[in-house]
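The lines below spell out each chain.
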Amino acid sequence: MGNGIEVPGGQQTSLIDYVFLASVAYENPSSTQTRLDEWFGSDAAKDEQTVVNEYRKSTDNSTSAVTFKLISFPLQQGQAIVSIRGTANGWDMLTDAQLWSAAALTQFVRALLPIGEIWTPIFNNLVRIVSLLETKSLDKVAFYKTTTKFVESLQKNGTFTNLTITGHSLGGGLAMISAAQTGIPGIGLSGPNAKISRDTFDPPLTLAQIDQLIFNIVPDRDVVPMIDDLGQLYQRIQCRTSPNDPIGCHTATRSLCEVMYTCGTGGRPAICECVTKYGYEEPKQTGGSKTFAQACAS
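What you are looking at is a predicted structure, and each value in this text was computed from that prediction instead of being measured. Every chain is numbered on its own, with residues counted from 1 as its sequence reads. For a predicted model such as this one, the threshold for reporting local features is a pLDDT of at least 70, and the threshold for listing and counting side-chain atom pairs is 80 or more; totals across whole chains, interfaces and linings nevertheless cover every residue. As a rule here, side-chain values come from all non-hydrogen atoms in the structure, and water together with hydrogens is ignored.

Colleague: Just to check I follow, could you spell out the overall build of the protein for this structure?
Modeller: Looking only at helices and strands, the protein features 12 helices and 7 strands. Only protein chains enter the area calculation, which uses a 1.4 Å probe; residues under 20% of their type maximum are buried, those over 50% are exposed, and those in between are partly exposed. Taken over 298 residues, the protein has a buried fraction of 46%. Every residue pair with non-hydrogen atoms within 4.5 Å of one another is taken to be in contact. By sequence separation, contacts in the protein at least 24 residues apart represent 58% of the contacts at least 6 residues apart. Surface exposure here means Shrake-Rupley accessible area, sampled with a 1.4 Å probe, where a residue is shielded only by the protein chains that are shown. On the protein, roughly 14600 Å² of surface is accessible, and the fraction owed to carbon and sulfur atoms is 55%. By the criteria applied, helices consist of DSSP H or I runs no shorter than four residues and strands consist of E runs no shorter than two, each listed in order from the N terminus.

Structural data, given as structure tokens:
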């Protein structure tokens, strides 16, 4: 796919590309294609904004608060990735709180109880009972239903036969839910998990779906991916902020810098912000006449 990105499970799966694509969901539509060209190379990836707009218009959900993009890869026929925007305003934060509040509460109670871990196997049932009492309020913020229906429409259409879904923060949580519900791979970046709350979604998720289809990237000290219990597939990454700045660990660009710093750029362009804003070391120059500082200044 493009310059080497593969589907999850392939021999050359590139974590850095999924972190980038999760962050692209925040990009203004007018600049999304430019960002894709800079990252993957010209014409390697395409922002399918028209497909998204037509779907929203045809389903009358153009006013839905959830925002997502569809990125296709012309060099890999049938390959596309849905990228869901994460928390960006107060309504998004309310969604986080309502969808995962019961799971977070049970985790808190478990931490207080002696040998609280023994109650973990029944937590999903407790959370399901609580959710039944809040059905109407939860329906208003069940944005995963929109993203799941969008993926299902793509599957039914048949143009994109190899789909993956990703997102950051709330978008990561929604991506993992929709992935499990539609049977495609889902990669979350700093997303809330779904193991305890799996029976509160419609349709419910199974442990097999959670453990086999969804993957979460978890920065150290990031509070959001601590919500609910992790499935079997996840990757922890470092967070190099000061100890009194855990909120900084939730930044998508910082996580992208961390993966690039730890694993290398993999042929992708080095990001100036990693050095100028987040304090990472300058990458080693492997060619060209300009230094990294000169390239960032131009």
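Additional details are given in the paragraphs that follow.
Colleague: Help me out: how do you make sense of the layout of surface pockets in this one?
Modeller: Think of a ball as big as a water molecule: rolled over the atoms, this probe shows where empty space is left. The computed volume of the largest pocket comes to approximately 590 Å³. Of the residues belonging to the lining of the largest pocket, the class tally is 14 nonpolar, 6 polar and 5 charged. In this structure, the second largest pocket encloses a volume near 300 Å³. As defined here, a cavity is a set of points on a 1 Å grid over the protein atoms alone where a 1.4 Å probe fits but cannot get out. A pocket is an open set with protein on both sides within 12 Å along at least five of seven lines, and residues line them when an atom is within 4 Å of a point. Along the wall of the second largest pocket there are 14 residues; nearest its centre are Phe-20, Arg-35, Leu-256, Ile-271 and Glu-273. Counting residues per element, the ones that place at least two in the lining of the second largest pocket are α1 (15-24), α2 (29-40), α10 (252-263) and α11 (272-276). The element that contributes the greatest number of residues to the lining of the second largest pocket is α2, accounting for 3 residues. For this scheme, ten residues count as nonpolar: Ala, Val, Leu, Ile, Met, Phe, Trp, Tyr, Cys and Pro. Four count as charged, namely Asp, Glu, Lys and Arg, and the remainder, Gly too, count as polar. Looking at the lining of the second largest pocket residue by residue, the class counts come to 8 nonpolar, 2 polar and 4 charged. Grid points are joined across faces, edges and corners, and a volume is the space filled by probe spheres set on the points.

Colleague: Mind showing me how you'd approach the environment of Asp-199 here?
Modeller: Here Asp-199 lies in the loop between β5 (186-189) and α9 (207-213). Placed 74 residues apart in sequence, Asp-199 and Asn-125 show a C-alpha to C-alpha distance of 7.4 Å. Residue contacts for Asp-199: discarding those within four places in its chain leaves Asn-124, Asn-125, Arg-128, Pro-204 and Leu-205. Two N or O atoms count as a polar contact when they lie within 3.5 Å, although within protein this holds only if one can serve as hydrogen donor and the other as acceptor, and sequence-adjacent residues are included solely when both atoms are side-chain atoms. Here Asn-124 takes part through its side chain, which lies 2.7 Å from a polar atom of the side chain of Asp-199.

Colleague: Quick question: what am I supposed to make of the nonpolar core here?
Modeller: Soluble, globular proteins show a tendency: their nonpolar side chains are buried together. Buried Ala, Val, Leu, Ile, Met, Phe, Trp, Tyr and Cys residues form a nonpolar core when they are joined through side-chain atoms within 4.5 Å. Core analysis: the largest hydrophobic core is formed by 32 residues, its most contacted members being Leu-70, Val-82, Ile-84, Phe-150, Ile-165 and Leu-174. Elements with a minimum of two residues in this core: α3 (49-59), β2 (68-72), β3 (79-84), α4 (90-112), α7 (144-157), β4 (162-168) and α8 (170-182). The dominant element in this core, judged by the number of residues it contributes, is α8, at 7 residues. Among all residues touching Val-82, those that are not within four sequence positions of it are Phe-68, Lys-69, Leu-70, Phe-150, Val-151, Leu-154, Thr-164, Ile-165 and Thr-166. If you look at the next biggest cluster of nonpolar residues, it comprises 28 residues, including Leu-21, Trp-39, Ile-81 and Cys-257.

Colleague: What is the right way to look at the pattern of salt bridges in this model?
Modeller: Opposite charge on two side chains permits them to pair, given that their charged atoms come into close proximity. Definition used for salt bridges: Asp or Glu carboxyl oxygen within 4 Å of a side-chain nitrogen of Lys or Arg. With the rule as written, the count across this model stands at 5 salt bridges. The closest approach of N and O atoms between Arg-35 and Glu-27, which form a salt bridge, is 2.7 Å. Residue classification places Arg-35 among the partly exposed residues on the basis of a relative accessible area of 25%. A network of salt bridges, in which partner residues are shared, links Arg-110, Glu-117 and Asp-229.

Colleague: Whenever I open this one, the side chain of Thr-147 confuses me. Can you help?
Modeller: Positionally, Thr-147 belongs in helix α7. Classification of Thr-147 by relative accessible area gives buried; the value is 1%. Contact partners of Thr-147, with chain neighbours within four places excluded, come to Val-66, Phe-68, Ile-84, Leu-174 and Ser-178.

Colleague: When you look at the packing of α1 against α2 in this model, what are you seeing that I'm missing?
Modeller: Working note: a packed helix pair is described by the angle between its axes plus the distance between those axes. All axes are obtained by fitting lines to C-alpha atoms, using only the stretch in contact for helices, and the reported angles, taken between N-to-C directions, cover 0 to 180 degrees. Relative to each other, α1 and α2 sit at 170°, their axes nearing to 11 Å. Of the possible angle classes, the one that applies to α1 and α2 is roughly antiparallel. Side by side, α1 and α2 meet where Ile-16, Asp-17, Phe-20, Leu-21 and Val-24 of the first sit next to Thr-32, Arg-35, Leu-36, Trp-39 and Phe-40 of the second. When its residues are assigned to classes, the contact of α1 with α2 shows 7 nonpolar, 1 polar and 2 charged. Our angle categories are set so that under 35 degrees counts as roughly parallel, over 145 as roughly antiparallel, 65 to 115 as roughly perpendicular, and the remainder as oblique.

Colleague: Looking at this structure, how should I read the state of the cysteines?
Modeller: A covalent bond bridging the sulfur atoms of two cysteines is what the word disulfide describes. The disulfide criterion used throughout: a pair of cysteine sulfur atoms within 2.5 Å. Following the criterion strictly, the structure yields 3 disulfides and no others. The disulfide bridge from Cys-239 ends at Cys-249, spanning 2.1 Å between sulfur atoms. Between Cys-239 and Cys-249, the disulfide has an S-S torsion of -85° and is therefore left-handed. Note that Cys-239 is positioned in the loop between β7 (234-237) and α10 and Cys-249 in the loop between β7 and α10, a separation of 10 residues in sequence. By the burial criterion, Cys-239 is buried, and Cys-249 matches it. Each sulfur of the disulfide joining Cys-272 and Cys-296 lies 2.1 Å from the other.

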